[in-house]
Amino acid sequence: MIKVERRLEQPRWLSFAVPVGSVGVAFLVMALVLVITGHDPLHTYKRLFVAAFDGKAAWNDTITLATPILFTGLAAAVAFRMNLFNIGGEGQLYIGAITGSGVAFWLGPHHAKVLTIVLMCVCGAAGAALWALVPAVLKAFGRTNEIITSLMLNYVAGLLLTYMIFDSASPWRDVSTVQTRSFPQSIALQPSQFWPTVRPGGIVIPFGFMLAFGVAAVLWVLFRLTRFGYEMNVIGDSQRAARYSGMRTRRKILAVMAISGAVAGLAGTSQVGDFSHVLDASAQGLQAANYGYTGIVVAALARYNPIAVCLVGGLLGGLQNAGLFLQGADFPSGLVGVMQGIILFATLGGELLIRYRLRLGQRAASAAETAPAAEVA
Amino acid sequence: MNDSLVVQVLAQAVVYGTPILFAALGELLAERSGVLNLGVEGMMLVGATMGFWGMQRAPGPTSLVLLLAVLTAAFAGLVMSAIHAFLVVTLRASQIVSGLALTIFAGGLGLSSYLGNDLGLADVPPKHQFSDIDVFGLKDVAVAGPILFHQSALVYASWAFVVLVAVYLGRTRLGLNVRAVGESPGAADSMGISVAGYRYAHVLAGGALAGLGGACYSLAITPGWTDGDSLVGGAGWIAIALVIFSFWRAELCLVGAYLFGGLSGGLPSALQAHGYKIKPEFLNALPYLMTIVVLVLVSTGLARRRIGAPAALGIAYVREER
């Protein structure tokens, strides 16, 4: 007989142990799925680790794929922390790519690189923040469910992205040569506009990756040391209590959603500035990897802590990297999503261990007299 | 007459509305018992995948094969929803995050892609598919013929389910218990109704219906299987929104589903067939934009009075904390 009772205090070590355990459980469950479907899990896992973390080339790819995930993870962490479910990271990423690249195309290649990068970031973040404000305004003033509205806007943003590349009237579309007139693609950034990289010891660290760490640090300060962060926590716990104590919950919803959108938008801007240098609607492009949804997994596994997002983002970046480059009999497609899903399930199950205490057998009966208990099995 | 744009749009609205209707009815059952399941999109995708697989593998005459395929799809959806039920009912996890996890797990880059590729379903021509039935030989009747009397068996099954769900929730003892569990689980518990039991049963039923809805795509509307999430393309999310628009009532789900069916499938294809030149991206964005618009209208106006929303929706029931 297992009894479940509420913990009065949540031990700190559990908030580290549960995410780590979740990843472990995910690997175990996935191994079971692989065996059932006739694959060799050890071989698959070996290939996964080699592709993701063995050698400089592997690390470079992992960092490349972790970059957007860090941003979307931070974006989800900001919003989810206040129980504001911004599922629109995916769409906000597209918009950040559109507006961020747009300003670079408009500026042209003959400006200082610093100016170009700053303007790209500002416009990318601002465009995505405005996009995220749509569900925020509807939530704050119309009490409309932000989950569905932000998600629906993902599809709209995806179509907008396609439109920007395929429509001949779009200023994003390259119509300079015969080839691009018949095979639509966007204008490309000029080399003078590419975002810089740092190469310590042969590992390429793109500017966007460092920017994400900067954003994480700023968010950490915001959550820990400011009144804004404190009020976010209170509103997250109880919106009613926050309102009674005079906090402006509507404003907070708008502000937090805008921040979340801006950070997600930077993921898209950095995709263009750091890596693809064009707006990409192809099968390998922005829409292929579901970075926005992956961000939710990252944020939940990091328990909405921006510093932890950086660690978890690296791990899931490795998984994404392996998923993208390995595919075949011993690395089935869809494995990445399945793994991410199981990790999230395990994290959720682990939350039970943080909030509740499990008691086994005889001790449960005596404990039940002193503390309220509910039966699970 | 029957070739006119309006009739064609309406006939297509019924076709494209049917998967949304199945999924919405399923979500309705789960939500009426107090459990929000945001995993509908994922369950539909797995249902579509496994339904198509069942159809390719099952032996026998077409009608039997299709029945087996539909049952496979429903079972697949049910299994997916069982994960959600376990997490939120037994482990009291956040219903929102668990539902999202289910969509990521089962979705277009997850299990449905894994299964579809592993079972070799890509680019396989369908052996069987649902064809339109000429009911009572009325298919050529003006207006009503193409819309009501020349549809697939899935459409007629969905009507039966609407009646079933409406009667079950509104007119039976069990349905009353479900509503009690969704409105006030504490009161239901003290009356001896098993809150966990009802919630499990209805989340599972909801999963089965979502799987069935997914099968409408792979067996009837666009027979075949494609990798990724384009097969269902957001219909699961629209179904969740639809439950809100319909004020948690089965008969209103029917109306809403056809409205969105018309926008997502009927209107674009009919307009193209009649030679109207509208940007395809704009047409494809319509159902998503309309979902937002209707949701805003409903949540700012009528639902201020919260018509129909189960009071305990989204809240885990813990006996000692009520």
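Predicted, not measured: the structure shown is a model, and the values here were computed from it.

As a further point, take the overall build of chain B. Each helix and strand in chain B was counted, giving 13 helices and two strands. Taken against the 2.2 N^0.38 rule, which gives 20 Å for 322 residues, the C-alpha radius of gyration of chain B at 19 Å falls within 12% of a compact globule. Dimensions of chain B, computed from C-alpha atoms along their principal axes, come out at roughly 60 × 45 × 40 Å. Sorting the 322 residues of chain B into buried and exposed places 55% on the buried side.

Now for the overall build of chain A. Scanning chain A for helices and strands turns up 15 helices and five strands. Against the globule reference of 21 Å for 377 residues, chain A gives a C-alpha radius of gyration of 22 Å, in line with a compact fold. Classification of the 377 residues of chain A by burial places 52% in the buried group. Partitioning the intrachain contacts of chain A with sequence separation of at least 6 by distance along the chain shows that 78% fall at a separation of at least 24.

Core analysis: the biggest nonpolar cluster contains 224 residues, and Leu74(A), Val309(A), Ala24(B), Leu25(B) and Leu242(B) have the highest contact counts within it. The contact partners of Leu74(A), leaving out residues within four places of it in the chain, are Ala212(A), Val215(A), Ala216(A), Leu219(A), Val263(A), Pro306(A) and Val309(A).

Residues and elements named next belong to chain B. Where helix α11 (residues 235-245) contacts helix α12 (residues 250-273), the axes come no closer than 9 Å and their chain directions differ by 135 degrees. Relative to α12, the element α11 lies oblique. Between α11 and α12 the crossing geometry is right-handed. Facing α11, whose interface residues are Ile238, Leu242, Val243 and Phe245, α12 presents Cys253, Gly256, Ala257 and Phe260. Each residue belonging to the contact of α11 with α12 can be placed in one class, and the counts come to seven nonpolar, one polar and no charged.

This paragraph deals with the interface of chain A and chain B. Contacts between the two partners involve 43 residues from chain A, matched on the other side by 44 residues from chain B. If you tally residues by element for the side of chain A that touches chain B, the top one is helix α14 (residues 335-355) of chain A, at 13 residues. In the side of chain A that touches chain B, the residues fall into 27 nonpolar, 13 polar and three charged.

Let's shift gears to the packing of helix α5 (residues 113-142) of chain A against helix α6 (residues 146-166) of chain A. Residue and element names in this part refer to chain A. Axis separation between α5 and α6 bottoms out at 9 Å; the angle between their running directions is 155 degrees. For the element pair α5 / α6, the angle class is roughly antiparallel. Handedness of the crossing formed by α5 with α6: right-handed. Residue-level contacts link Trp131, Val134, Pro135, Leu138 and Lys139 of α5 to Glu146, Thr149, Ser150, Leu153 and Ala157 of α6. Of the residues assigned to the contact of α5 with α6, the class counts are six nonpolar, two polar and two charged.

The general pattern is negative phi for most residues beyond glycine and trans for most peptide bonds. Residues and elements named next belong to chain B. The phi dihedral of Phe247 is positive, around 50 degrees, even though this residue is not glycine. Of note, Phe247 is situated in the loop between α11 and α12. Within the chain, Trp248 stands out as a residue other than glycine whose phi angle is a positive 60 degrees. Its place among the elements puts Trp248 in the loop between α11 and α12. Since 21 C-beta atoms lie within 10 Å of it, Trp248 is described here as buried.

Residue and element names in this part refer to chain B. Looking at the secondary structure, you find Leu68 in helix α3 (residues 62-90). Along the backbone, Leu68 and Arg57 are 11 residues apart, and their C-alpha atoms lie at a distance of 9.7 Å. Ignoring anything within four residues of it in the chain, the contact list for Leu68 reads Gly54 and Ala58.

Turning next to the environment of Ser176(A). All names here are of chain A. Structurally, Ser176 is set in the loop between α6 and α7 (178-182). On the neighbour-count criterion, Ser176 (9 C-beta atoms within 10 Å) is exposed. Distance from Ser176 to Ile205, taken between C-alpha atoms, is 33 Å for residues 29 residues apart in sequence.

Moving on to the environment of Gly107(B). Here Gly107(B) lies in the loop between α4 (95-106) and α5 (111-118). C-alpha separation for the pair Gly107(B) and Ser81(B), spaced 26 residues apart in sequence, amounts to 13 Å. Sequence-distant contacts of Gly107(B), defined by excluding residues within four places in its chain, comprise Gly337(A), Glu41(B), Gly42(B), Leu45(B), Ser112(B) and Asp229(B).

Below, the discussion takes up α14(A). Here α14(A) is 21 residues long and its end C-alpha atoms lie 30 Å apart, about the 30 Å a rise of 1.5 Å per residue gives. In terms of burial, α14(A) is largely enclosed, as 16 of its 21 residues are buried.

Our focus in this paragraph is the confidence of the model for chain A. Per-residue pLDDT for chain A has a mean of 86; in total, 92% of the residues score no lower than 70. Here strand β5 (residues 374-375) of chain A is the element of chain A with the lowest mean pLDDT, 45, and helix α8 (residues 207-225) of chain A is the one with the highest, 95.

What counts, and where the lines are drawn
- Residues numbered from 1 in each chain as written.
- Chains lettered and ligands numbered in written order.
- Predicted model: local features only at pLDDT ≥ 70, side-chain atom pairs only at ≥ 80, totals over all residues.
- Helix = DSSP H or I, 4+ residues; strand = E, 2+ residues; numbered from the N terminus.
- Rg over C-alpha atoms; globule rule 2.2 N^0.38 Å.
- Buried ≥ 20, exposed ≤ 12 C-beta atoms within 10 Å, placed from the backbone.
- Contact = placed C-beta atoms within 7 Å.
- Core = buried A, V, L, I, M, F, W, Y, C linked by C-beta atoms within 7 Å.
- Axes fitted to C-alpha atoms, helices over the stretch in contact; angles between N-to-C directions.
- Parallel < 35°, antiparallel > 145°, perpendicular 65-115°, else oblique.
- Left-handed = near helix turned anticlockwise from the far one by under 90°.
- Nonpolar A, V, L, I, M, F, W, Y, C, P; charged D, E, K, R; others polar.
- Expected span 1.5 Å × (residues − 1).
- pLDDT = per-residue confidence, 0-100.

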